[in-house]
Amino acid sequence: MWGGRFSDKPAELMQAINVSIGFDKRLAAQDLAGSRAHAAMLRTAGVITSEDEAAIQGGLAAIEAEIEAGTFAFRDEYEDIHMNVEARLRELIGPAAGRLHTARSRNDQVALDFRMWVRDACDRTAAQIKALQNALLAKAELHADAVMPGFTHLQPAQPVTFGHHLMAYVEMFGRDAARFADARARMNESPLGAAALAGSPFPIDRHMTAKALGFDRPTANSLDSVADRDFALESLAAATICATHLSRLAEEIVIWMTPQFGFIRLSDAFTTGSSIMPQKKNPDAAELIRAKVGRLLGSFTQLSVVMKGLPLTYSKDMQEDKVPTFEAFDALELSLRAMAGMVADLEPVREKMAAAAGAGFSTATDLADWLVRELNLPFRDAHHVTGAAVKKAEELGVGLPELPLSELQALDGRITSAIYDVLTPEASVASRKSYGGTAPDQVRAQIKRWKEALA
Ligand code: ARG
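Thresholds applied
Residues numbered from 1 in each chain as written. Predicted model: local features only at pLDDT ≥ 70, side-chain atom pairs only at ≥ 80, totals over all residues. Heavy atoms only, no water. Helix = DSSP H or I, 4+ residues; strand = E, 2+ residues; numbered from the N terminus. Rg over C-alpha atoms; globule rule 2.2 N^0.38 Å. Buried < 20%, exposed > 50% of the residue type's maximum accessible area, 1.4 Å probe, protein only. Contact = heavy atoms within 4.5 Å. Near = heavy atom within 4 Å. Polar contact = N/O pair within 3.5 Å; in protein donor to acceptor, adjacent residues only side chain to side chain. Areas by Shrake-Rupley, 256 points an atom, 1.4 Å probe, with all protein chains shown as cover. Core = buried A, V, L, I, M, F, W, Y, C linked by side-chain atoms within 4.5 Å. Patch = residues over 30% accessible without salt bridge, like charges linked within 9 Å, V, L, I, M, F, W, Y side chains within 5 Å. Salt bridge = Lys/Arg side-chain N within 4 Å of Asp/Glu carboxyl O. Pairing = 2+ DSSP bridges.

(A) Main features of the overall build of the chain. If you tally the helices and strands in the chain, you get 18 helices and six strands. Taken over the C-alpha trace, the chain has a radius of gyration of 31 Å; the compact-globule value for 455 residues is 23 Å, which it surpasses by more than 25%. Taken along the three principal axes of its C-alpha coordinates, the chain extends 100 × 50 × 40 Å. Evaluated residue by residue, the chain yields a buried proportion of 47% over its 455 residues. Of all intrachain contacts in the chain linking residues separated by at least 6 positions in sequence, the fraction that spans at least 24 positions is 74%.

(B) Summary view of the site of the ligand. Every residue lining the ligand is accounted for by Ser20, Asp24, Asp80, His82, Arg106, Asn107, Val110, Tyr314, Gln319 and Lys322. At 2.9 Å, a side-chain N or O of Asp80 approaches a nitrogen atom of the ligand. Contacts to the ligand include Gln319, whose side-chain N or O atom sits 2.8 Å from a nitrogen atom. Across the complex, the protein chains shield 86% of the 340 Å² of accessible surface that the ligand would expose by itself. The leading source of residues in the shell around the ligand is helix α6 (residues 106-142), at three residues.

(C) Representation of the nonpolar core within the structure. Of all hydrophobic cores here, the largest spans 86 residues; its most connected members are Ile253 and Met339. The element best represented in this core is helix α10 (residues 230-257), accounting for 15 residues. Setting aside residues up to four positions removed in sequence, Ile253 forms contacts with Ile264, Leu266, Ala286, Met339, Met342 and Leu346.

(D) Seen up close, a nonpolar patch on the surface. On the surface, Leu197, Leu223 and Leu312 cluster together into a nonpolar patch covering about 280 Å² of accessible area. Here Leu223 lies in helix α9 (residues 222-227). Residue classification places Leu223 among the partly exposed positions, given a relative accessible area of 33%.

(E) Focus on the pairing of strand β2 (residues 155-161). Sheet topology note: the strand β1 (residues 147-152)/β2 ladder contains six bridges and is antiparallel. Note that in β2 the partner of Pro149 across the bridge is Pro159. What sits between the antiparallel neighbours β1 and β2 is a turn of two residues, in which His153 has the positive phi angle 55 degrees.

Below you can see the structure in the form of C-alpha cells.
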C-alpha cells in the first residue's frame, strides 16, 4: 500500500509484531459498513463518479458475501482488516478500488470500526442484561414470600424473602444496563472524515456518513477523533462493574448450593460431577462466572495502560486496544447468558431457607422494636432487654419464639403474649412494609414496577 516510498519488504519480525488481521478481522462488518457509507458520500460530494461508486459498492457486497460464506482469504501480508478489504477490492474491481481511500485514513477508519464494534457490543450486552433481569424477576415473583435469612458479615441478621434478595440484583443489573446506555450515548459520534488527524481538503460531508452509520453527529475535533479510545475504556469500566455484580451472585449460588446451606438446587444442566467423588454436584458455571471478573478488570487495566501517556494523535500502540476489549465482552456476554440460564434453572429449597431464617435469633430486632412500639422503651434500652432475652434463650437451648413468657416478663413485667406475634420470620418480613423493604407486598410492587420498565 505504500510501495512508492519503500524499496524493500518488511523483515519477518516486523510483520510478526505489526500484523493485526488475526484479531481485527472481527471488525470486518463494521469496516464494510463504513466503506459503503464513505463511498456513497464521496459520490454525493462529487469526489468520485457514480460508475466508480457502483463498482466499489458491488465489490464491497461481494467481499461481504465471501466473508459470510467463510471463503474470504484473510492474509497476513496485508496486515489488518482495512488493507485486506482494500486489496481484495482491487482484485475484484481493479483501479477504481483505489478511489475508496480518498479523504480517509486507516486512522479514522479504525477509530470508526472499533467504535461501531464497541457500540454493538454495548447493545448486545444491554439485551443480555435485560434477559438476566427477566429471569431474576420470574424467580422473584414465584418466591416473593419465601423467607430466608438476610445476612450481614455472612452472619444471620434479619429474615428477608428470597424474592427480595433476587430483586436486589435486578436493581444492580439495572444500573449496569444504564451505564452501558450512558456510554453508548457518549460514544455515538462518528470519527469518519477526521482522516489521518487533521481533517480533509475534499468537500466531504461528515454529517451524511454519521447519519448513514447510525451516529448522532460527527465528532467535533479531528485530533481527538483518531487519538482517543475512551469509549472503549468507559465500556470496559461498565463491563467490569457488571462482572463484579455477577461474581457476587455467583458466589451466593456457590454458598447456597453447599449441603451446609442447602438453600437451592441446580439441575444436572448447570452442574458437573467429580471424577473421583461420586456424591459431588459442583456449581462450576457459578465458579467460572465468579472468576471472569479477573479477565474483565485485566482488560480494563490493559487498555488504560496502553493509552496512558500517549501523545496525540494516533500511535500504533492503539492497535493493542482490540484484544482486551474483544476478550472482555466475550467473557461478559458468556457470563450473562450462563447466569440467566442458571437463575432460570435454580430451585430454592423453601423449607431449608425458612428453617434457617428462624435460626440464630434472627427476630431479635423485631422483639426490640415491639418493646419500643408497645412499651415505649427507648431503642437502646429495648436493645439491652432483647440482648438479655437472647442470652436466656441460648441458655435454655430454644429460639426466641419458644422462650417462655415468664422468662420475658422477668426482664420487663409489662411484656404480654402479644409479643409472640412478631417473633416468627414470616411476621418479621411481613412487618417491614417501608418502601423498598422486604414485606412480600413491597417486593411484589417492585417486581411489577420492573416488569413494566422492562416491557
Ligand atoms: N491496524 C491499525 C490499528 O488497529 C489500523 C490503523 C493503522 N494506522 C496507521 N497509521 N498505521 O490501529
